[in-house]
Amino acid sequence: MASQRPETREEDDSACPVIASLEQIGSQWRLAVLHELLDGEQRFNELKRSTGANARTLSRVLDDLGEMGFVERRIEEDAPVATFYSLTDKGESLEPVFSEIECWAGSWLEESALEA
């Protein structure tokens, strides 16, 4: 008699809201940009300095976050032209999530990990 193996079922990631959420905001750079913009509107170079992202990465991340409805871009046409980024209502709604992560990190991560 052949041994019966339980059928393996492929996981459907779309059924889990946590996985679906992390697919939108879960990259290091997306999280860094979203977190920085919780402090308010910032120019591109301010975000570049505060996140440590290079210009190409930051530009791509801001475009992605804009397409997903988390970030909006405002351009001032005065000389010199200035581009500002801020959170939409959808982006601002992540503030409690970041607060909880910070609280968790304070309780569970070693100080050396927080300084990195």
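Residues numbered from 1 in each chain as written. Predicted model: local features only at pLDDT ≥ 70, side-chain atom pairs only at ≥ 80, totals over all residues. Heavy atoms only, no water.

Caption draft 1: Representation of the packing of aromatic side chains. According to the stated counting rule, one finds zero aromatic pairs in the structure shown. In this arrangement the basic side chain of Arg74 is found over the ring face of Phe84, its NZ or CZ atom lying 4.4 Å from the centre. Positioned above the aromatic ring of Phe70, the side-chain terminus of Lys90 is 4.5 Å from the ring centre. (Phe/Tyr/Trp six-rings, centres within 6.5 Å; stacked < 30°, edge-to-face > 60°. Lys NZ or Arg CZ within 6 Å of the ring centre and 35° of its normal.)

Caption draft 2: Inspection of the layout of surface pockets at higher detail. The volume enclosed by the largest pocket comes to roughly 290 Å³. Gln28, Leu31, His35, Phe98, Ile101, Glu102, Trp104, Ala105 and Leu109 together form the lining of the largest pocket. Contributions of two or more residues to the lining of the largest pocket are made by α2 (28-37) and α6 (95-108). With five residues, the top contributor of residues to the lining of the largest pocket is α6. (1 Å grid on protein atoms, 1.4 Å probe; cavity = no way out; pocket = protein on both sides within 12 Å on 5 of 7 lines; lining within 4 Å. Points joined across faces, edges and corners; volume = space filled by probe spheres on them. Helix = DSSP H or I, 4+ residues; strand = E, 2+ residues; numbered from the N terminus.)

Caption draft 3: The packing of helix α1 (residues 17-25) against α2, seen in detail. For the pair α1 and α2, interaxial distance at closest approach is 7 Å and the crossing angle is 80°. With respect to their mutual orientation, α1 and α2 come out roughly perpendicular. Two secondary-structure elements touch here, α1 through Glu23, Gln24 and Ile25 and α2 through Arg30, Leu31 and Leu34. Here the contact of α1 with α2 is composed, by residue class, of three nonpolar, one polar and two charged. (Axes fitted to C-alpha atoms, helices over the stretch in contact; angles between N-to-C directions. Parallel < 35°, antiparallel > 145°, perpendicular 65-115°, else oblique. Contact = heavy atoms within 4.5 Å. Nonpolar A, V, L, I, M, F, W, Y, C, P; charged D, E, K, R; others polar.)

Caption draft 4: Region of interest: the sheet that holds strand β2 (residues 71-76). Strand order in the open sheet formed by three strands is β1-β3-β2, and the pairing between neighbours is antiparallel. On the outer flanks of this sheet lie β1 (42-43) and β2, each paired with one strand and no other. With two bridges joining them, β1 and strand β3 (residues 82-87) adopt antiparallel strand pairing. Its bridge partner lying in β3, Arg43 is registered against Phe84. The sheet contacts of α2 involve β1, β2 and β3, and relative to β3 the element is tilted by about 90°. (Pairing = 2+ DSSP bridges.)

Caption draft 5: How the structure looks around the pattern of salt bridges. Within the structure shown, the criterion is met by three salt bridges. Here Asp64 ties to Arg30 by a salt bridge, and the two come within 3.3 Å at their closest N and O atoms. Pair noted here: Asp64 is in helix α4 (residues 55-67) and Arg30 is in helix α2, with a separation of 34 residues, a long-range link. Take Arg30: its relative accessible area is 15%, and that puts it in the buried class. Between Arg74 and Glu76 there is a salt bridge whose closest N-O contact spans 2.8 Å. (Salt bridge = Lys/Arg side-chain N within 4 Å of Asp/Glu carboxyl O. Buried < 20%, exposed > 50% of the residue type's maximum accessible area, 1.4 Å probe, protein only.)

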